[in-house]
Amino acid sequence: MIDGTETGPRTVDIGNWSGRAIYSDRGSIHEVLEREELSNPGVYCLKFSPTKDIFSERIYIGESENLKGRITSHLGNPDKGEFVEFICFFSKDELLTKAHVRYLESRMIELARDANSSEIANVNSSESFLSEADISDMEFFLDQIKLILPVMGFRFLISDFIKSIEAKAIEKRDNSDKYLLVGKNCHATMIESDRGFVVEKGSQAKKKTTKSIDPGYLRLREKLIDTGKLIESRGFYVFQENTIFNSTTAAASIILGRKAPGPIHWINENGIYYRDVQKEKYNS
């Protein structure tokens, strides 16, 4: 705790890690910027109020060879709005280079977009080419960042339970684990895999919703639309990639736009409800 208060700015260290984090809310930022180590290269995250109701925070991720100068420039540039919290990461031994922090920035933006749990303000990120040894070092550095961020109230690298995966990553247990949705004029397929319930790319979702849909599922549906995972086409929304759900009910409700208990809305290729397939497995 830099100023001795529980809610004030603070530094974060992890044993045997060459890095350090500094956190501050906006009210204490000028005090923090006076610290000598903020003249070092590093990566930083700014937290803003979200512009979309489906997210609880908006995050901007950046890098600089001089953290103090870059953060000061944000204070004088209201284009993105006024950030409310700030955290930065740098090396205590001053061994991070411009290439290193550009790599960290790029990876954090990539992970944040994949997590899909916060609104990300970045439009683009710069690529950085490192040796295998440097990449290994930066991935370890990134692992420490992942540990620190949620402790400090930044949750943008924690994945939403709706995730996207490539087709090659889907591993079915057997042929009975592929299911079809029971829905009028709506075609969707789902695979029960070791990673969750995967609605396949090209599946359709109804455009309209009813009041019966759970509010949480409605928000997740809006997020899928907002992030481009569901695109309108020929009177439906269509899944643009394989998407993992944590339950059959979540998948069915979001696709049908209403309350839809999954166990009685998905059937396998033999026409047997998911509920009855599970009973048969349990009793066998």
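Only a predicted model underlies this, so the values are computations on that prediction, with no experimental measurement involved.

Definitions and limits used
Residues numbered from 1 in each chain as written. Predicted model: local features only at pLDDT ≥ 70, side-chain atom pairs only at ≥ 80, totals over all residues. Heavy atoms only, no water. Helix = DSSP H or I, 4+ residues; strand = E, 2+ residues; numbered from the N terminus. Buried < 20%, exposed > 50% of the residue type's maximum accessible area, 1.4 Å probe, protein only. Pairing = 2+ DSSP bridges. Contact = heavy atoms within 4.5 Å. Axes fitted to C-alpha atoms, helices over the stretch in contact; angles between N-to-C directions. Phe/Tyr/Trp six-rings, centres within 6.5 Å; stacked < 30°, edge-to-face > 60°. Lys NZ or Arg CZ within 6 Å of the ring centre and 35° of its normal. Core = buried A, V, L, I, M, F, W, Y, C linked by side-chain atoms within 4.5 Å.

Peer 1: Could you clarify how one ought to interpret the environment of Lys206 in this entry?
Peer 2: When you line up the elements, Lys206 lands in strand β11 (residues 204–206). Relative accessible area serves as the criterion here: at 26%, Lys206 is assigned to the partly exposed category. Residues Lys206 and His187, 19 residues apart in the sequence, show an inter-C-alpha distance of 9.5 Å.

Peer 1: So what exactly am I meant to see when it comes to the sheet that holds strand β3 (residues 42–48) here?
Peer 2: Strand pairing within a sheet occurs via backbone hydrogen bonds; the two strands may be parallel or antiparallel. The six strands lie next to each other as β1-β2-β5-β3-β4-β6, forming an open sheet whose pairing is mixed. Pairing within the sheet leaves two strands with one partner each, and these edge strands are β1 (10–12) and β6 (119–120). Pairing between β3 and strand β4 (residues 58–64): seven bridges, direction antiparallel. The residue of β4 that forms the bridge with Leu46 is Tyr60. Its contacts with the sheet put helix α2 (residues 67–75) on β3, β4 and β5 (85–91), and the angle it makes with β3 is roughly 20 degrees. Across the sheet, helix α3 (residues 98–115) touches β3, β4 and β6, and the angle it forms with β4 is around 165 degrees.

Peer 1: Explain the packing of aromatic side chains to me, please; I cannot follow it from the model alone.
Peer 2: In this structure the tally under the stated criterion is seven aromatic pairs. With centroids separated by 5.2 Å and ring planes inclined at 70 degrees, the aromatic side chains of Tyr179 and Tyr274 adopt a geometry described as edge-to-face. Separated by 95 residues along the polypeptide, Tyr179 in strand β8 (residues 178–181) and Tyr274 in helix α7 (residues 274–283) bring together distant segments of the chain. Of the two residues, Tyr179 and Tyr274, neither departs from the other in class, the shared state being buried. Their ring planes at 80 degrees and their centres at 6.3 Å tell us that Phe239 and Phe245 sit as a pair that is edge-to-face. We classify Phe239 as buried; its relative accessible area is 1%. Here the aromatic cluster, defined as three or more aromatic residues joined through ring pairs, consists of Tyr179, Phe197 and Tyr274. The ring of Phe83 has Arg26 sitting right over it, with the charged end atom 4.7 Å from the ring centre.

Peer 1: Just to check I follow, could you spell out the nonpolar core for this structure?
Peer 2: Considering soluble globular proteins, one finds that nonpolar side chains tend to be buried as a cluster. Cys45, Ile87, Phe89, Met108, Leu149, Phe154 and Phe156 are the most contacted members of the largest nonpolar core, which has 30 residues in total. Going through the elements one at a time, β2 (19–25), β3, β4, β5, α3 and α4 (132–151) are the ones with two or more residues in this core. Tallying contributions element by element places α3 first for this core, with seven residues. Filtering out sequence-adjacent residues up to four positions away, Cys45 remains in contact with Ile59, Tyr60, Ile61, Glu85, Phe86, Ile87, Met108, Leu149, Phe154 and Phe156.

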